[in-house]
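# Secondary and tertiary structure notes
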Amino acid sequence: MPRESLTSRRASYERLFRIERDRFARAFPRVRAARLRWLVGCSTIACARRDFAYAEFRARTITMSTRVLEYPAATFLGLILHELGHLADERFHEAGAERRADQLAERASGLR
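Here's what I pulled together on the structure shown here. Quantities reported herein were computed from a predicted structural model and do not represent experimental measurements. (Residues numbered from 1 in each chain as written. Predicted model: local features only at pLDDT ≥ 70, side-chain atom pairs only at ≥ 80, totals over all residues. Heavy atoms only, no water.)

## Quick notes on the layout of surface pockets
Any empty space left between the atoms is revealed when a probe the size of a water molecule rolls over them. Rules: Only protein atoms enter the 1 Å grid used here. Points where a 1.4 Å probe fits but cannot escape make up a cavity, open sets with protein on both sides within 12 Å along at least five of seven lines make up a pocket, and a residue lines them when an atom lies within 4 Å of a point. Grid points are joined across faces, edges and corners, and a volume is the space filled by probe spheres set on the points. Secondary structure elements follow DSSP: runs of H or I of four or more residues count as helices, runs of E of two or more count as strands, with numbering from the N terminus. Each residue gets one label: Ala, Val, Leu, Ile, Met, Phe, Trp, Tyr, Cys and Pro are nonpolar, Asp, Glu, Lys and Arg are charged, and the others, such as Gly, are polar.
Its volume calculated, the second largest pocket comes out at about 200 Å³. As for the second largest pocket, its lining consists of A74, L77, G78, L81, H82, D102, A105, E106, L111 and R112. For the lining of the second largest pocket, the elements supplying multiple residues, two or more each, are α2 (73–88) and α3 (97–109). For the lining of the second largest pocket, the element with the highest residue contribution is α2, accounting for 5 residues. Considering only residue class, the lining of the second largest pocket consists of 5 nonpolar, 2 polar and 3 charged.

## A few points about the pattern of salt bridges
It is possible for side chains bearing opposite charge to pair when their charged atoms get close. This is how it is decided: Throughout this description, the term salt bridge denotes a Lys or Arg side-chain nitrogen within 4 Å of a carboxyl oxygen of Asp or Glu. Relative accessibility decides the category of a residue: with a 1.4 Å probe and only protein chains considered, values under 20% of the type maximum give buried, values over 50% give exposed, and everything between is partly exposed.
Under the counting rule described, the total for this entry stands at 6 salt bridges. For the salt bridge of R91 with E94, the shortest nitrogen-to-oxygen distance reads 3.0 Å. The exposure class of R91 is partly exposed, given its relative accessible area of 41%.

## Quick notes on the packing of helix α1 (residues 6–27) against α2
Geometrically, a packed helix pair is captured by the angle between its two axes and the distance between the axes. Inclusion rule: Convention adopted: a line fitted to C-alpha atoms gives each axis, helices being fitted over their contacting stretch, and angles between N-to-C directions are expressed from 0 to 180 degrees. Geometric relationships in this document are graded by angle, where less than 35 degrees denotes roughly parallel, more than 145 denotes roughly antiparallel, 65 to 115 denotes roughly perpendicular, and other angles denote oblique. Two helices that cross are described as forming a left-handed crossing if the nearer one is turned anticlockwise from the farther one by less than a right angle, and a right-handed crossing if clockwise. Any two residues whose heavy atoms approach within 4.5 Å at even a single point are treated as in contact.
Two elements in contact, α1 and α2, have axes whose closest approach is 10 Å; the angle formed by their N-to-C orientations is 40°. Accordingly, the angle class assigned to the pair α1 and α2 is oblique. In this structure, α1 meets α2 at a crossing whose hand is right-handed. Across from Y13, L16, F17, E20, R21 and F24 in α1, the residues of α2 making contact are A73, F76, L77, I80, L81, L84, G85 and A88. A class-by-class count of the residues in the contact of α1 with α2 yields 11 nonpolar, 1 polar and 2 charged.

## What about the pairing of strand β2 (residues 53–56)?
Test applied: Paired strands, in this sense, are two strands between which DSSP finds at least two bridges.
Sheet topology note: the β2/strand β3 (residues 61–65) ladder contains 4 bridges and is antiparallel. The residue of β3 that forms the bridge with A53 is M64. The hairpin formed by β2 and β3 contains 4 residues between the paired strands, and R60 there has a positive phi angle of roughly 55°.

## What about the pairing of β3?
The element β3 is extensively covered by neighbouring structure, given that 5 of its 5 residues are classed as buried. Alternating positions in β3 separate into two faces, T61, T63 and S65 on one and I62 and M64 on the other, with burial throughout. Alignment of strand β1 (residues 35–39) against β3, held across 5 bridges, turns out to be parallel. Across the sheet, L39 pairs through a bridge with S65, a residue of β3.

## Points about the nonpolar core
Worth spelling out the cut-off: Here, the term nonpolar core denotes a set of buried Ala, Val, Leu, Ile, Met, Phe, Trp, Tyr and Cys residues that are joined through side-chain atoms within 4.5 Å.
With 25 residues, the main nonpolar core has F24, M64, F76 and L84 as its most contacted residues. Breaking this core down by element, the ones donating at least two residues are α1, β1, β3, α2 and α3. Of the residues forming this core, the biggest block, 7 residues, is contributed by α2. When residues no more than four places from it in sequence are discounted, the contact partners of F24 are V31, L81, L84, G85, A88, L104, A105 and A108.

This is the structure in structure tokens:
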């Protein structure tokens, strides 16, 4: 099977984002206004291997590195759910935010 183009994959991932955002919003209405922003390359200077995305709570924005387009949709899904968890977390600035983001994502999606 031919590898889909990055442009096609990006469009697919954007559709997946909208679907998951809307599903997540059923449990956490505050994320309904969330938007996805693409960043070419890395989200930090370090460009660590796991450095694909971050959430901006007040702006309701998830910034995703275009590097994720090289990975399967399941990777993108996991990242989106985790970042939506951050946007749903009213205590985002307190210790334990990473764990809470995963817990909120599981609660909203049923996926672990």
